[in-house]
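For reference, the chains in residue letters:
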Amino acid sequence: MVNTPIKTTKSQEIFAAAQNLMPGGVSSPVRAFKSVGGQPIVFDRVKDAYIWDVDGNQYIDYVGTWGPAICGHAHPEVTAALREALEKGTSFGAPSVLENVLAEMVIDAVPSIEMVRFVNSGTEACMGVLRVMRAFTNRDKIIKFEGCYHGHADTFLVKAGSGVATLGLPDSPGVPKSATSSTLTAPYNDLEAVKALFEENKDEIAGVILEPVVGNAGFIAPDAGFLEGLRELTHEYGALLVFDEVMTGFRIAYGGAQEKFGITPDLTTLGKVIGGGLPVGAYGGRRDIMSLVAPAGPVYQAGTLSGNPLAMTAGIKTLELLQKPGAYEYLDRITKKLADGLLQVAKETGHAVCGGQISAMFGLFFTSGPVHNYEDAKKSDTAKFGRFHRGMLERGIYLAPSQFEAGFTSLAHTDEDIDQTIAAARDVLSNL
Ligand code: PMP
(Lines give C-alpha, C1' and ligand atoms only; values in the text may rest on other atoms or scores of the structure.)
Protein backbone atom coordinates (compact mmCIF):
# COMPACT_ATOMS: atom_id res chain seq x y z
CA MET A 1 0.00 0.00 0.00
CA VAL A 2 1.38 3.38 -1.02
CA ASN A 3 1.58 6.13 1.54
CA THR A 4 1.35 9.21 -0.65
CA PRO A 5 -0.55 12.11 0.85
CA ILE A 6 -3.80 12.53 -1.04
CA LYS A 7 -4.32 15.69 -3.03
CA THR A 8 -7.05 17.77 -1.40
CA THR A 9 -6.52 21.21 -2.95
CA LYS A 10 -10.17 21.78 -3.85
CA SER A 11 -11.37 20.53 -0.45
CA GLN A 12 -9.07 23.03 1.21
CA GLU A 13 -10.21 25.92 -0.98
CA ILE A 14 -13.89 25.18 -0.44
CA PHE A 15 -13.50 24.67 3.30
CA ALA A 16 -11.51 27.90 3.64
CA ALA A 17 -14.37 29.77 1.94
CA ALA A 18 -16.95 27.95 4.06
CA GLN A 19 -15.35 29.20 7.25
CA ASN A 20 -16.34 32.76 6.38
CA LEU A 21 -19.87 31.72 5.56
CA MET A 22 -20.89 29.28 8.29
CA PRO A 23 -19.72 28.89 11.91
CA GLY A 24 -16.69 26.62 11.73
CA GLY A 25 -17.38 26.14 8.03
CA VAL A 26 -19.93 23.41 8.65
CA SER A 27 -23.61 22.70 9.23
CA SER A 28 -22.88 20.30 12.13
CA PRO A 29 -19.80 20.42 14.42
CA VAL A 30 -18.09 16.99 14.22
CA ARG A 31 -17.73 17.37 10.44
CA ALA A 32 -15.08 20.05 11.00
CA PHE A 33 -12.44 17.45 12.08
CA LYS A 34 -11.66 19.50 15.23
CA SER A 35 -10.86 16.47 17.33
CA VAL A 36 -8.74 14.60 14.80
CA GLY A 37 -6.96 17.66 13.47
CA GLY A 38 -6.19 18.42 9.86
CA GLN A 39 -8.51 19.64 7.17
CA PRO A 40 -11.95 18.14 6.68
CA ILE A 41 -12.68 16.64 3.29
CA VAL A 42 -15.36 18.26 1.15
CA PHE A 43 -17.47 15.73 -0.71
CA ASP A 44 -19.05 15.63 -4.11
CA ARG A 45 -21.03 12.39 -4.35
CA VAL A 46 -21.80 9.04 -2.74
CA LYS A 47 -22.69 5.61 -4.12
CA ASP A 48 -22.92 2.18 -2.44
CA ALA A 49 -20.17 1.95 0.20
CA TYR A 50 -18.13 4.78 -1.33
CA ILE A 51 -17.79 8.51 -1.08
CA TRP A 52 -15.89 10.79 -3.48
CA ASP A 53 -14.38 14.13 -2.58
CA VAL A 54 -14.24 17.24 -4.73
CA ASP A 55 -10.65 16.40 -5.74
CA GLY A 56 -11.77 13.03 -7.13
CA ASN A 57 -10.42 10.81 -4.30
CA GLN A 58 -12.52 7.76 -3.50
CA TYR A 59 -13.00 6.43 0.04
CA ILE A 60 -14.68 3.42 1.61
CA ASP A 61 -17.21 5.10 3.86
CA TYR A 62 -17.87 3.94 7.43
CA VAL A 63 -19.82 7.05 8.41
CA GLY A 64 -22.77 6.34 6.14
CA THR A 65 -24.07 9.88 6.63
CA TRP A 66 -24.03 9.07 10.38
CA GLY A 67 -26.26 6.03 10.08
CA PRO A 68 -29.00 6.38 7.48
CA ALA A 69 -27.09 4.76 4.59
CA ILE A 70 -27.58 1.18 5.82
CA CYS A 71 -28.52 -0.09 2.34
CA GLY A 72 -25.57 1.72 0.81
CA HIS A 73 -25.62 5.23 -0.58
CA ALA A 74 -27.97 6.19 -3.40
CA HIS A 75 -29.47 2.72 -3.65
CA PRO A 76 -31.10 2.50 -7.11
CA GLU A 77 -34.47 1.42 -5.68
CA VAL A 78 -34.49 4.34 -3.25
CA THR A 79 -33.48 6.91 -5.87
CA ALA A 80 -36.02 5.52 -8.38
CA ALA A 81 -38.82 5.72 -5.80
CA LEU A 82 -37.74 9.26 -4.92
CA ARG A 83 -37.73 10.32 -8.58
CA GLU A 84 -41.27 9.05 -8.94
CA ALA A 85 -42.41 10.75 -5.72
CA LEU A 86 -40.73 14.00 -6.75
CA GLU A 87 -43.01 14.25 -9.78
CA LYS A 88 -45.93 14.53 -7.36
CA GLY A 89 -44.29 17.35 -5.40
CA THR A 90 -42.04 17.76 -2.42
CA SER A 91 -44.40 18.52 0.44
CA PHE A 92 -48.14 18.58 1.02
CA GLY A 93 -48.35 19.86 4.60
CA ALA A 94 -51.40 17.60 4.79
CA PRO A 95 -52.01 13.87 5.24
CA SER A 96 -50.73 11.39 2.68
CA VAL A 97 -51.08 7.63 2.47
CA LEU A 98 -47.28 7.32 2.55
CA GLU A 99 -47.38 8.27 6.24
CA ASN A 100 -49.76 5.36 6.91
CA VAL A 101 -47.46 2.97 5.07
CA LEU A 102 -44.32 3.98 6.98
CA ALA A 103 -46.22 4.17 10.29
CA GLU A 104 -47.49 0.62 9.81
CA MET A 105 -44.00 -0.61 8.97
CA VAL A 106 -42.58 1.03 12.10
CA ILE A 107 -45.39 -0.25 14.33
CA ASP A 108 -45.02 -3.79 12.96
CA ALA A 109 -41.27 -3.74 13.48
CA VAL A 110 -40.64 -2.01 16.80
CA PRO A 111 -42.10 -3.90 19.79
CA SER A 112 -42.85 -0.84 21.95
CA ILE A 113 -44.51 1.24 19.25
CA GLU A 114 -48.30 1.16 18.97
CA MET A 115 -48.61 4.71 17.64
CA VAL A 116 -46.02 6.95 16.05
CA ARG A 117 -45.50 10.66 15.28
CA PHE A 118 -43.15 11.64 12.45
CA VAL A 119 -40.83 14.62 12.81
CA ASN A 120 -37.78 15.85 10.88
CA SER A 121 -34.77 14.84 12.97
CA GLY A 122 -33.62 12.79 15.92
CA THR A 123 -33.37 15.97 17.97
CA GLU A 124 -37.03 16.72 17.36
CA ALA A 125 -37.98 13.13 18.18
CA CYS A 126 -36.24 13.39 21.55
CA MET A 127 -37.82 16.79 22.26
CA GLY A 128 -41.23 15.32 21.54
CA VAL A 129 -40.69 12.25 23.67
CA LEU A 130 -39.47 14.38 26.56
CA ARG A 131 -42.64 16.46 26.59
CA VAL A 132 -44.90 13.44 26.37
CA MET A 133 -43.07 11.53 29.12
CA ARG A 134 -43.36 14.52 31.45
CA ALA A 135 -47.02 15.07 30.59
CA PHE A 136 -47.96 11.41 31.06
CA THR A 137 -46.31 11.08 34.46
CA ASN A 138 -46.93 14.65 35.59
CA ARG A 139 -43.30 14.70 36.74
CA ASP A 140 -40.44 16.89 35.48
CA LYS A 141 -37.19 15.11 36.29
CA ILE A 142 -35.53 12.72 33.90
CA ILE A 143 -32.49 10.48 34.13
CA LYS A 144 -30.01 10.36 31.26
CA PHE A 145 -26.58 8.75 31.05
CA GLU A 146 -23.17 10.39 30.79
CA GLY A 147 -21.96 10.30 27.20
CA CYS A 148 -25.39 9.59 25.71
CA TYR A 149 -26.56 12.09 23.12
CA HIS A 150 -30.23 12.78 22.53
CA GLY A 151 -29.99 15.71 20.15
CA HIS A 152 -29.32 19.33 20.96
CA ALA A 153 -32.42 20.33 22.94
CA ASP A 154 -31.55 22.24 26.15
CA THR A 155 -32.70 19.58 28.61
CA PHE A 156 -30.42 16.93 27.12
CA LEU A 157 -27.23 19.01 26.95
CA VAL A 158 -25.92 17.67 30.22
CA LYS A 159 -22.94 15.35 30.03
CA ALA A 160 -23.92 14.68 26.42
CA GLY A 161 -21.89 12.70 23.91
CA SER A 162 -21.29 13.18 20.17
CA GLY A 163 -20.06 16.67 19.23
CA VAL A 164 -20.33 17.82 22.83
CA ALA A 165 -17.88 15.08 23.79
CA THR A 166 -15.71 15.64 20.74
CA LEU A 167 -15.29 19.31 21.46
CA GLY A 168 -14.92 18.74 25.21
CA LEU A 169 -17.86 21.00 26.05
CA PRO A 170 -19.25 19.94 29.43
CA ASP A 171 -22.49 21.80 28.69
CA SER A 172 -23.30 24.57 26.30
CA PRO A 173 -23.46 28.29 27.00
CA GLY A 174 -26.94 29.53 26.22
CA VAL A 175 -28.64 26.68 28.01
CA PRO A 176 -30.38 28.19 31.06
CA LYS A 177 -29.84 26.42 34.36
CA SER A 178 -33.60 26.07 34.67
CA ALA A 179 -33.63 23.95 31.49
CA THR A 180 -31.22 21.38 32.87
CA SER A 181 -32.07 21.48 36.57
CA SER A 182 -34.45 18.56 36.10
CA THR A 183 -31.88 16.45 34.22
CA LEU A 184 -30.25 13.87 36.47
CA THR A 185 -27.30 11.90 35.17
CA ALA A 186 -25.77 8.53 35.95
CA PRO A 187 -22.83 6.59 34.52
CA TYR A 188 -23.88 4.17 31.78
CA ASN A 189 -24.16 0.54 32.91
CA ASP A 190 -24.50 1.61 36.56
CA LEU A 191 -27.83 0.36 37.94
CA GLU A 192 -26.90 1.26 41.51
CA ALA A 193 -26.49 4.92 40.55
CA VAL A 194 -29.90 4.88 38.86
CA LYS A 195 -31.51 3.28 41.89
CA ALA A 196 -29.95 5.92 44.15
CA LEU A 197 -31.36 8.72 41.97
CA PHE A 198 -34.82 7.16 42.16
CA GLU A 199 -34.52 6.91 45.94
CA GLU A 200 -33.38 10.53 46.29
CA ASN A 201 -36.13 11.82 44.00
CA LYS A 202 -39.13 9.73 44.95
CA ASP A 203 -42.23 10.35 42.78
CA GLU A 204 -40.39 13.08 40.86
CA ILE A 205 -38.78 11.20 38.00
CA ALA A 206 -40.76 11.00 34.75
CA GLY A 207 -38.48 8.47 33.17
CA VAL A 208 -35.11 7.19 32.06
CA ILE A 209 -33.85 7.83 28.52
CA LEU A 210 -30.85 6.08 27.04
CA GLU A 211 -29.11 4.83 23.96
CA PRO A 212 -29.64 1.07 24.42
CA VAL A 213 -26.30 0.62 22.70
CA VAL A 214 -24.20 3.77 22.93
CA GLY A 215 -22.82 5.26 19.74
CA ASN A 216 -22.25 8.84 20.79
CA ALA A 217 -19.43 8.22 23.25
CA GLY A 218 -17.89 5.74 20.85
CA PHE A 219 -19.37 2.25 20.70
CA ILE A 220 -20.39 0.95 24.15
CA ALA A 221 -22.60 -2.12 24.61
CA PRO A 222 -24.96 -2.54 27.56
CA ASP A 223 -23.67 -4.96 30.20
CA ALA A 224 -25.72 -8.12 30.72
CA GLY A 225 -28.68 -7.22 32.93
CA PHE A 226 -28.41 -3.44 32.50
CA LEU A 227 -31.44 -2.97 30.23
CA GLU A 228 -33.45 -5.52 32.24
CA GLY A 229 -32.50 -3.68 35.43
CA LEU A 230 -33.68 -0.35 34.03
CA ARG A 231 -36.96 -1.96 32.98
CA GLU A 232 -37.46 -3.23 36.52
CA LEU A 233 -36.44 0.02 38.24
CA THR A 234 -38.70 2.17 36.06
CA HIS A 235 -41.63 -0.14 36.81
CA GLU A 236 -40.82 -0.10 40.51
CA TYR A 237 -40.72 3.72 40.71
CA GLY A 238 -43.63 4.43 38.36
CA ALA A 239 -41.43 6.00 35.70
CA LEU A 240 -41.23 5.49 31.94
CA LEU A 241 -38.40 3.79 30.10
CA VAL A 242 -37.41 5.44 26.82
CA PHE A 243 -35.04 3.90 24.32
CA ASP A 244 -33.44 6.46 22.05
CA GLU A 245 -33.08 4.24 18.99
CA VAL A 246 -32.27 7.07 16.59
CA MET A 247 -29.02 5.24 15.90
CA THR A 248 -29.82 1.61 16.76
CA GLY A 249 -33.32 1.47 15.25
CA PHE A 250 -33.41 -0.77 12.16
CA ARG A 251 -29.60 -0.98 12.47
CA ILE A 252 -28.70 -3.52 15.12
CA ALA A 253 -31.85 -5.50 14.25
CA TYR A 254 -34.92 -4.69 12.17
CA GLY A 255 -36.83 -4.02 15.41
CA GLY A 256 -33.85 -2.23 16.97
CA ALA A 257 -32.19 -2.85 20.32
CA GLN A 258 -35.53 -3.71 21.92
CA GLU A 259 -35.90 -6.65 19.54
CA LYS A 260 -32.24 -7.62 19.87
CA PHE A 261 -32.25 -7.64 23.68
CA GLY A 262 -35.91 -8.53 24.25
CA ILE A 263 -36.60 -5.52 26.50
CA THR A 264 -39.63 -3.41 25.62
CA PRO A 265 -39.50 0.24 26.70
CA ASP A 266 -42.59 2.44 27.02
CA LEU A 267 -41.48 4.94 24.39
CA THR A 268 -38.95 4.94 21.57
CA THR A 269 -37.31 7.56 19.39
CA LEU A 270 -36.18 6.84 15.84
CA GLY A 271 -34.39 8.72 13.06
CA LYS A 272 -31.56 8.10 10.58
CA VAL A 273 -32.45 4.75 8.89
CA ILE A 274 -36.21 5.39 8.84
CA GLY A 275 -35.58 8.40 6.62
CA GLY A 276 -33.34 6.57 4.17
CA GLY A 277 -31.06 9.63 3.96
CA LEU A 278 -33.76 12.29 4.05
CA PRO A 279 -34.52 14.30 7.19
CA VAL A 280 -36.83 12.15 9.35
CA GLY A 281 -37.28 11.37 13.00
CA ALA A 282 -40.11 9.70 14.88
CA TYR A 283 -41.27 8.99 18.38
CA GLY A 284 -43.77 6.41 19.41
CA GLY A 285 -44.82 3.96 22.04
CA ARG A 286 -47.76 2.79 24.08
CA ARG A 287 -51.12 3.89 22.71
CA ASP A 288 -52.25 5.32 26.05
CA ILE A 289 -49.16 7.54 26.21
CA MET A 290 -49.09 8.57 22.53
CA SER A 291 -52.79 9.46 22.69
CA LEU A 292 -51.71 12.51 24.68
CA VAL A 293 -50.05 14.03 21.59
CA ALA A 294 -51.98 16.82 19.81
CA PRO A 295 -54.50 16.82 18.28
CA ALA A 296 -55.55 13.54 19.92
CA GLY A 297 -54.52 15.00 23.26
CA PRO A 298 -53.19 18.21 24.82
CA VAL A 299 -49.39 17.74 24.39
CA TYR A 300 -48.42 20.17 21.63
CA GLN A 301 -45.93 19.25 18.92
CA ALA A 302 -46.08 20.09 15.21
CA GLY A 303 -44.01 20.41 12.02
CA THR A 304 -44.41 22.08 8.61
CA LEU A 305 -42.48 19.42 6.72
CA SER A 306 -43.23 16.48 9.03
CA GLY A 307 -44.28 13.35 7.17
CA ASN A 308 -43.40 14.88 3.80
CA PRO A 309 -43.77 12.52 0.84
CA LEU A 310 -40.10 12.42 -0.16
CA ALA A 311 -38.87 11.52 3.31
CA MET A 312 -41.64 8.93 3.76
CA THR A 313 -40.81 7.40 0.36
CA ALA A 314 -37.10 7.05 1.11
CA GLY A 315 -37.94 5.54 4.50
CA ILE A 316 -40.42 3.03 3.10
CA LYS A 317 -38.02 1.85 0.38
CA THR A 318 -35.14 1.56 2.83
CA LEU A 319 -37.18 -0.55 5.25
CA GLU A 320 -38.37 -2.74 2.35
CA LEU A 321 -34.77 -3.41 1.38
CA LEU A 322 -33.94 -4.31 4.98
CA GLN A 323 -36.77 -6.86 5.05
CA LYS A 324 -35.02 -8.98 2.44
CA PRO A 325 -33.98 -12.34 3.91
CA GLY A 326 -30.40 -12.41 5.12
CA ALA A 327 -29.93 -8.63 5.34
CA TYR A 328 -29.06 -8.55 9.05
CA GLU A 329 -27.04 -11.77 8.88
CA TYR A 330 -24.94 -10.14 6.17
CA LEU A 331 -24.52 -6.91 8.13
CA ASP A 332 -23.49 -8.83 11.22
CA ARG A 333 -21.02 -11.02 9.35
CA ILE A 334 -19.12 -8.27 7.57
CA THR A 335 -19.12 -5.95 10.57
CA LYS A 336 -17.79 -8.71 12.81
CA LYS A 337 -15.12 -9.44 10.24
CA LEU A 338 -14.18 -5.75 10.25
CA ALA A 339 -14.15 -5.27 14.02
CA ASP A 340 -12.30 -8.54 14.68
CA GLY A 341 -9.82 -7.74 11.92
CA LEU A 342 -9.08 -4.28 13.26
CA LEU A 343 -8.65 -5.54 16.83
CA GLN A 344 -6.34 -8.33 15.63
CA VAL A 345 -4.17 -5.93 13.63
CA ALA A 346 -3.96 -3.55 16.60
CA LYS A 347 -2.86 -6.43 18.80
CA GLU A 348 -0.24 -7.63 16.31
CA THR A 349 1.16 -4.12 15.95
CA GLY A 350 1.31 -3.62 19.73
CA HIS A 351 -1.37 -0.97 20.27
CA ALA A 352 -3.67 -0.92 23.29
CA VAL A 353 -7.06 -0.99 21.63
CA CYS A 354 -10.46 -2.38 22.62
CA GLY A 355 -13.79 -2.40 20.90
CA GLY A 356 -16.54 -4.44 19.41
CA GLN A 357 -19.59 -4.61 17.23
CA ILE A 358 -23.28 -5.40 17.26
CA SER A 359 -24.76 -5.97 13.84
CA ALA A 360 -23.95 -2.98 11.62
CA MET A 361 -22.50 -0.77 14.37
CA PHE A 362 -18.90 -0.95 15.57
CA GLY A 363 -16.21 0.95 17.39
CA LEU A 364 -12.61 0.94 18.55
CA PHE A 365 -11.10 2.81 21.47
CA PHE A 366 -7.39 3.54 21.75
CA THR A 367 -7.27 2.26 25.33
CA SER A 368 -6.82 -1.23 26.71
CA GLY A 369 -10.33 -1.03 28.20
CA PRO A 370 -12.72 -2.52 28.98
CA VAL A 371 -15.04 0.40 28.27
CA HIS A 372 -18.35 0.24 30.16
CA ASN A 373 -19.10 3.96 30.30
CA TYR A 374 -18.03 7.41 29.20
CA GLU A 375 -15.35 7.75 31.92
CA ASP A 376 -13.71 4.59 30.58
CA ALA A 377 -14.04 5.87 27.00
CA LYS A 378 -12.29 9.11 27.93
CA LYS A 379 -9.15 7.16 28.85
CA SER A 380 -8.60 6.72 25.10
CA ASP A 381 -5.52 8.21 23.49
CA THR A 382 -7.35 10.71 21.28
CA ALA A 383 -4.12 12.09 19.78
CA LYS A 384 -3.27 8.59 18.59
CA PHE A 385 -6.78 8.17 17.24
CA GLY A 386 -6.30 11.42 15.31
CA ARG A 387 -3.13 10.07 13.67
CA PHE A 388 -4.87 6.77 12.92
CA HIS A 389 -7.81 8.63 11.38
CA ARG A 390 -5.55 10.71 9.13
CA GLY A 391 -3.55 7.64 8.09
CA MET A 392 -6.73 5.78 7.16
CA LEU A 393 -8.03 8.77 5.24
CA GLU A 394 -4.82 8.88 3.21
CA ARG A 395 -5.36 5.22 2.35
CA GLY A 396 -8.91 5.80 1.16
CA ILE A 397 -10.82 4.86 4.31
CA TYR A 398 -13.31 7.38 5.71
CA LEU A 399 -13.93 6.84 9.43
CA ALA A 400 -15.95 9.10 11.73
CA PRO A 401 -13.62 12.00 12.60
CA SER A 402 -13.83 11.46 16.35
CA GLN A 403 -12.84 8.81 18.87
CA PHE A 404 -16.28 9.29 20.41
CA GLU A 405 -18.45 8.21 17.49
CA ALA A 406 -19.46 4.70 16.45
CA GLY A 407 -18.79 3.38 12.94
CA PHE A 408 -21.42 2.11 10.54
CA THR A 409 -21.42 -0.53 7.82
CA SER A 410 -24.01 -1.16 5.12
CA LEU A 411 -25.37 -3.85 2.84
CA ALA A 412 -23.15 -2.33 0.14
CA HIS A 413 -19.87 -3.03 1.96
CA THR A 414 -18.19 -6.05 0.36
CA ASP A 415 -15.70 -8.54 1.72
CA GLU A 416 -13.10 -6.83 -0.47
CA ASP A 417 -13.89 -3.48 1.14
CA ILE A 418 -13.39 -4.99 4.58
CA ASP A 419 -10.13 -6.70 3.53
CA GLN A 420 -8.86 -3.44 2.08
CA THR A 421 -9.79 -1.59 5.29
CA ILE A 422 -7.99 -4.09 7.51
CA ALA A 423 -4.92 -3.97 5.25
CA ALA A 424 -4.93 -0.17 5.45
CA ALA A 425 -5.21 -0.34 9.24
CA ARG A 426 -2.24 -2.74 9.38
CA ASP A 427 -0.20 -0.30 7.36
CA VAL A 428 -1.19 2.71 9.46
CA LEU A 429 -0.85 0.99 12.85
CA SER A 430 2.57 -0.42 11.93
CA ASN A 431 3.87 3.11 11.44
CA LEU A 432 1.93 4.96 14.12
N1 PMP B 1 -30.23 10.50 19.45
C2 PMP B 1 -29.22 9.72 19.07
C3 PMP B 1 -28.98 8.42 19.75
C4 PMP B 1 -28.39 10.13 18.02
O5 PMP B 1 -27.37 9.34 17.65
C6 PMP B 1 -28.63 11.37 17.39
C7 PMP B 1 -27.76 11.88 16.26
N8 PMP B 1 -26.54 11.33 16.11
C9 PMP B 1 -29.71 12.13 17.82
C10 PMP B 1 -30.49 11.67 18.85
C11 PMP B 1 -30.03 13.44 17.16
O12 PMP B 1 -30.47 13.22 15.86
P13 PMP B 1 -30.37 14.37 14.75
O14 PMP B 1 -28.92 14.61 14.50
O15 PMP B 1 -31.09 13.79 13.57
O16 PMP B 1 -31.06 15.57 15.29
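Quick summary incoming for the structure in this document.

The rules behind each value
- Counting restarts for each chain, with residues numbered from 1 along the sequence as it is written.
- Totals for whole chains, interfaces and linings use all residues, but because this is a predicted model, local features are given only for residues with pLDDT of at least 70 and pairs of side-chain atoms are given and counted only at 80 or more.
- Calculated side-chain values reflect all of the structure's heavy atoms, with hydrogen atoms and water omitted.
- Only strands joined by at least two bridges in the DSSP assignment are considered to pair.
- Starting at the N terminus, helices and strands are each numbered in turn, a helix being any DSSP run of H or I of at least four residues and a strand any DSSP run of E of at least two.
- The span you would expect from a helix comes to 1.5 Å times its residue count less one.
- The criterion used for residue contact is that any of the two residues' heavy atoms lie within 4.5 Å.
- The pocket and cavity definitions rest on a 1 Å grid over protein atoms only: a 1.4 Å probe that fits but cannot leave marks a cavity, an open set with protein on both sides within 12 Å along at least five of seven lines marks a pocket, and residues lining either have an atom within 4 Å of a point.
- Grid points are joined across faces, edges and corners, and a volume is the space filled by probe spheres set on the points.
- The nonpolar class holds Ala, Val, Leu, Ile, Met, Phe, Trp, Tyr, Cys and Pro. Asp, Glu, Lys and Arg form the charged class, and all remaining residues, Gly among them, are polar.
- For every element, the axis is a line fit to its C-alpha atoms; helices are fit only across the contacting stretch, and the angle between N-to-C directions ranges from 0 to 180 degrees.
- Proximity is defined per residue: any heavy atom of the residue falling within 4 Å of a molecule or strand makes that residue near it.
- Under the convention used here, a 1.4 Å probe and the Shrake-Rupley method define accessible areas, while residue burial counts only the protein chains that appear.

## Focus on the sheet that holds strand E3 (residues 58-61)
Across the sheet, 4 strands lie side by side as E1-E2-E3-E13; this open sheet has mixed pairing. Edge strands, defined here as strands with exactly one partner in the open sheet, are strand E1 (43-47) and strand E13 (397-398). Here E3 runs beside E13; their pairing, made up of 2 bridges, is parallel. Residue pairing for E13: Ile60 is matched across the bridge by Ile397.

## Looking at helix H3 (residues 97-109)
An ideal rise of 1.5 Å per residue puts 18 Å on 13 residues; H3 measures up with 19 Å between its terminal C-alpha atoms. Residues of H3 that are buried in the fold lie against strand E4 (115-119), strand E9 (267-270) and helix H11 (309-322).

## Observations concerning empty space enclosed by the protein
All chains considered together, the criterion is met by 3 cavities of 30 Å³ or more. Of all the secondary-structure elements, those providing two or more residues to the lining of the largest cavity are strand E12 (361-365) and helix H14 (382-394). Of the residues in the lining of the largest cavity, the class split is 9 nonpolar, 4 polar and 1 charged. By volume, the second largest cavity is sized at about 60 Å³. Asp48, Ala49, Asp61, Gly64, Ala69, Gly72, His73, Arg251, Phe408, Thr409, Ser410 and His413 together form the lining of the second largest cavity. Tallied by class, residues from the lining of the second largest cavity come to 3 nonpolar, 6 polar and 3 charged.

## Brief notes about the sheet that holds strand E10 (residues 281-285)
Taken together, the 7 strands give an open sheet; going across it, the order is E4-E10-E9-E8-E7-E5-E6, and neighbouring strands pair in mixed fashion. The open sheet has two edge strands with one neighbour each: E4 and strand E6 (183-186). Taking the axes of each pair of neighbouring strands and ignoring which way they run, one obtains an average angle of 20 degrees across the sheet. Across 4 bridges, the pairing between strand E5 (residues 141-145) and E6 is parallel.

## Comments concerning the site of the ligand
Near the ligand, the surroundings consist of Ser121, Gly122, Thr123, Tyr149, His150, Gly151, Glu211, Asn216, Asp244, Val246, Met247 and Lys272. Relative to its free-state accessible area of 390 Å², the ligand is covered by the protein chains to the extent of 81%. Taken together, the residues that form the shell around the ligand break down as 3 nonpolar, 6 polar and 3 charged.

In short, shape yes, function no, at least from these values alone.
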